[in-house]
Amino acid sequence: MADGKTLDNVIQAKQMGRANMKHDMTTRMRRGRSSQGIRNLLRENDLLPNHLILPLFVEENATERQPIASIPGVYRETEDSIVQIAKEAEEAGLGGIMLFGVSHNKDHSGSDSLKKGGLLDRMISRVKDATSDLPVIADLCFCEYTDHGHCGPLTETGTVDNDITIENIAKQAVIAADAGADIVAPSGMMDGQVSAIRSGLDEAGFEMTPIMAYAAKYASHFYGPFRDAAGCSLQKGDRKTYQMDYANGDEALREVALDIEEGADMVMVKPGMPYLDIIWRVRETFAMPTFAYNVSGEFAMLKFAAEAGCLDYNNALMEMLMSFRRAGAQGILTYGALDAAKIIKNS
Ligand SMILES: [Zn+2]
C-alpha cells in the first residue's frame, strides 16, 4: 500500500475500531445535526440578500418588457420598467444590480456606449435617480453595442483589437461613472483593461469609483441564454482568443494577479457553478473580495429542471447559491437574486 501499511494492518485496525465503537463511540457527527436549533448554531456559512447582485437587461426604446424564452422568469426590461425593478431590488436589500444594455444603435466599435445620452448613460442615470443606496454596477464591454457582437472593434484579420478596445473602455468607464455608476465591471478580458480604466477614471476625477474586474472569465457554453437576452450573438467566430480555456486553472490565478496589480478592487470568476474550484483558489490565494457570476445557462438549467418537475426551484436555488458562499465568494451575481431574497425573508 502506498503509505507502507500492509492490507493485514488495515483490516486489523478496522476490526479494532469496530470493537471499540461498540462500547465507546466518542465521536458521533449526528449530534451536531440533531435539532434545527443545533443545526442553526453550527451553520458555517450564511446567505443574505446583500450577498446577491441582480443582473438586468435594458432594451433601448422598448415599450413593453419582454420575457426571454431561454431563461424562464427573466425579462428584457424597458428604460421605464427598469426603475421599478431597481426599487424592488433596493427594498429587498440586494447587494446591487448590474446593468446590461440591449442596443438598437450598433456599429463596428460600439460607439453608442461612449456617448453622453447613449443607452449606457441613460439606463444608469434613470436607475440612480430612482434609488438611494443600491449599488449600481455598470458592466463595461462592447459586445452589446457592436454590430458583429465581439467585445471590441475587429482588426483586419477578424480578431478583437486589444489596444483600441482598452482605450475605448476607459472612455466607457468615464461615461458610466459620470452617469452615477457606483462600481464599474469590465468584462471583455482584454489585456490591460483594468489599468486603462483606472487611469481614465482617475484623470476624470472618479478616483473613488471601484473596479470589479471580470478577472477569470471563461469561453463558456453556459452563456447561450445571455446572448439571446442581450442580443449579442456573434456574427462569426468565437471568443476563445480573449476568454479563457475551461481546462485551465493556474491561468486564472495569473489573470487575477494581473488585474489586482492593475488596480482591481474586487475580482470575479465567471461562470460560477462549474468553476467553484477556481473561486476557492482565487479567494484562498489573494484574499480579495471575490464574486461569482452564476450565469444564464446555469440558471436556465435550474428553471427548466424545475418546470419539468425534477427539482424544487426554491430549495435548489438556495443550495446552489450557498455553494458559492462555501467556495469563498463574497457575493453572487444571479438571476435568482430577488427570488432568493424573498425566500430568505420568509424563512
Ligand atoms: Zn463582451
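Criteria and cut-off values
- Residues numbered from 1 in each chain as written.
- Predicted model: local features only at pLDDT ≥ 70, side-chain atom pairs only at ≥ 80, totals over all residues.
- Heavy atoms only, no water.
- Salt bridge = Lys/Arg side-chain N within 4 Å of Asp/Glu carboxyl O.
- Helix = DSSP H or I, 4+ residues; strand = E, 2+ residues; numbered from the N terminus.
- Buried < 20%, exposed > 50% of the residue type's maximum accessible area, 1.4 Å probe, protein only.
- Phe/Tyr/Trp six-rings, centres within 6.5 Å; stacked < 30°, edge-to-face > 60°.
- Core = buried A, V, L, I, M, F, W, Y, C linked by side-chain atoms within 4.5 Å.
- Contact = heavy atoms within 4.5 Å.
- 1 Å grid on protein atoms, 1.4 Å probe; cavity = no way out; pocket = protein on both sides within 12 Å on 5 of 7 lines; lining within 4 Å.
- Points joined across faces, edges and corners; volume = space filled by probe spheres on them.
- Nonpolar A, V, L, I, M, F, W, Y, C, P; charged D, E, K, R; others polar.
- Axes fitted to C-alpha atoms, helices over the stretch in contact; angles between N-to-C directions.
- Parallel < 35°, antiparallel > 145°, perpendicular 65-115°, else oblique.
- Left-handed = near helix turned anticlockwise from the far one by under 90°.
- Donors = N, O, S within 2.8 Å, 3.2 Å for Na, K, Ca; no water.
- Patch = residues over 30% accessible without salt bridge, like charges linked within 9 Å, V, L, I, M, F, W, Y side chains within 5 Å.
- Areas by Shrake-Rupley, 256 points an atom, 1.4 Å probe, with all protein chains shown as cover.
- Lys, Arg positive; Asp, Glu negative; His and termini not counted.
- Charge placed at Lys NZ, Arg CZ, Asp CG, Glu CD.
- Expected span 1.5 Å × (residues − 1).

With respect to the pattern of salt bridges
Side-chain pairing between opposite charges can occur once the charged atoms of the two side chains come close.
Logical step 1: Here the structure, examined in full by the defined rule, presents 12 salt bridges.
Logical step 2: The partner of Glu-59 in a salt bridge is Arg-76, with the nearest N and O atoms 3.4 Å apart. Pair noted here: Glu-59 is in strand 1 (residues 52-59) and Arg-76 is in strand 3 (residues 75-77), with a separation of 17 residues, a long-range link. The burial state of Glu-59 is the same as that of Arg-76; both residues are buried.
Logical step 3: Put simply, Arg-198 and Asp-265 hold a salt bridge, and the shortest N to O gap is 3.9 Å. Of this pair, Arg-198 sits in helix 6 (residues 193-203) while Asp-265 is found in the loop between helix 8 (250-262) and strand 8 (266-270), placing the two residues 67 residues apart along the sequence.
Logical step 4: Look at the salt bridges and you will find they share partners, linking Glu-60, Glu-79 and Arg-122 into a network.

Focus on the packing of aromatic side chains
Logical step 1: Following the criterion strictly, the structure yields nine aromatic pairs and no others.
Logical step 2: With 6.0 Å between their ring centres and 10° between their planes, Phe-57 and Tyr-335 make a pair best called stacked. Remark: Tyr-335 occurs in the loop between strand 10 (331-334) and helix 12 (337-346) and Phe-57 occurs in strand 1; sequence separation between them is 278 residues. Tyr-335 matches Phe-57 in its accessibility class, with the two residues each being buried.
Logical step 3: Arranged with centres 4.3 Å apart and planes meeting at 25°, the rings of Tyr-218 and Tyr-275 form a pair that is stacked. One end of the pair, Tyr-218, is in the loop between strand 7 (212-217) and helix 7 (224-230); the other, Tyr-275, is in the loop between strand 8 and helix 9 (276-286), and 57 residues separate them in sequence.

Points about the nonpolar core
Logical step 1: Ranked by size, the top nonpolar core spans 107 residues in total, and within it Phe-57, Ile-97, Met-98, Leu-99, Ile-124, Met-212 and Tyr-293 carry the most contacts.
Logical step 2: The greatest single-element share of this core, amounting to eight residues, is contributed by helix 5 (residues 162-179).
Logical step 3: Beyond its immediate stretch of four places on either side in the chain, Ile-97 contacts Ile-53, Leu-54, Leu-56, Ala-86, Ala-89, Val-127, Leu-134, Pro-135, Val-136 and Ile-137.

Some thoughts on empty space enclosed by the protein
Logical step 1: Within the structure shown, the criterion is met by one cavity of 30 Å³ or more.
Logical step 2: Here the largest cavity is characterised by a volume of approximately 110 Å³.
Logical step 3: Lining the largest cavity we find 15 residues, and of these Cys-143, Lys-217, Phe-226, Arg-227 and Lys-270 sit closest to its centre.
Logical step 4: For the lining of the largest cavity, the secondary structure elements donating two or more residues are strand 7 and helix 7.

Concerning the layout of surface pockets
Logical step 1: Size it by volume and the largest pocket reaches roughly 400 Å³.
Logical step 2: Forming the walls of the largest pocket are Met-29, Gly-32, Arg-33, Gln-36, Arg-39, Asn-40, Leu-42, Arg-43, Glu-44, Asn-45, Met-322 and Arg-326.
Logical step 3: Secondary-structure elements contributing two or more residues to the lining of the largest pocket are helix 2 (36-42) and helix 11 (313-326).
Logical step 4: Examining the composition of the lining of the largest pocket, we find that four residues originate from one element, helix 2, more than from any other.
Logical step 5: Tallied by class, residues from the lining of the largest pocket come to three nonpolar, four polar and five charged.
Logical step 6: A volume near 320 Å³ is recorded for the second largest pocket.

As for the packing of helix 10 (residues 296-307) against helix 11
Logical step 1: Where helix 10 meets helix 11, the closest approach of the two axes is 10 Å, and the angle between their N-to-C directions is 155°. By the angle between their axes, helix 10 is roughly antiparallel relative to helix 11. In this structure, the crossing between helix 10 and helix 11 has a hand that is right-handed. Contacts between helix 10 and helix 11 involve Glu-298, Phe-299, Leu-302, Lys-303 and Ala-306 on the former and, on the latter, Tyr-313, Ala-316, Leu-317, Met-320 and Phe-324.

Observations regarding the coordination of the zinc ion
Logical step 1: Every protein donor of the zinc ion is accounted for by Cys-141 (SG), Cys-143 (SG) and Cys-151 (SG), and the metal-donor separations fall at 2.2 to 2.3 Å.
Logical step 2: In terms of primary sequence, the donors binding the zinc ion are separated according to C-x1-C-x7-C. For the pair Cys-143 and Cys-151, one class covers both residues: buried.

Topic: a positive patch on the surface
Logical step 1: Together, Arg-28, Arg-30, Arg-31 and Arg-33 give the surface a local cluster of positive charge.
Logical step 2: Looking at the element boundaries, Arg-31 is found in the loop between helix 1 (7-23) and helix 2.

So, the side chain of Gln-193
Logical step 1: As for its position among the elements, Gln-193 is in helix 6.
Logical step 2: Judged by its relative accessible area of 3%, Gln-193 falls in the buried class.
Logical step 3: When neighbours within four sequence positions are excluded, Gln-193 is seen to be in contact with Ile-166, Ile-169, Pro-186, Ser-187, Gly-188 and Glu-262.

As for helix 10
Logical step 1: Across its 12 residues, helix 10 extends 16 Å between first and last C-alpha, which sits within 8% of the 16 Å expected from 1.5 Å per residue.
Logical step 2: Buried within helix 10 are the following residues: Ser-296, Gly-297, Glu-298, Phe-299, Ala-300, Leu-302, Lys-303 and Ala-305.
Logical step 3: Among the structural elements, helix 7, strand 9 (290-294), helix 11, strand 10 and helix 12 are those in contact with the buried residues of helix 10.
Logical step 4: Looking one or two residues beyond helix 10, the residue adopting positive phi is Gly-309, at roughly 80°.

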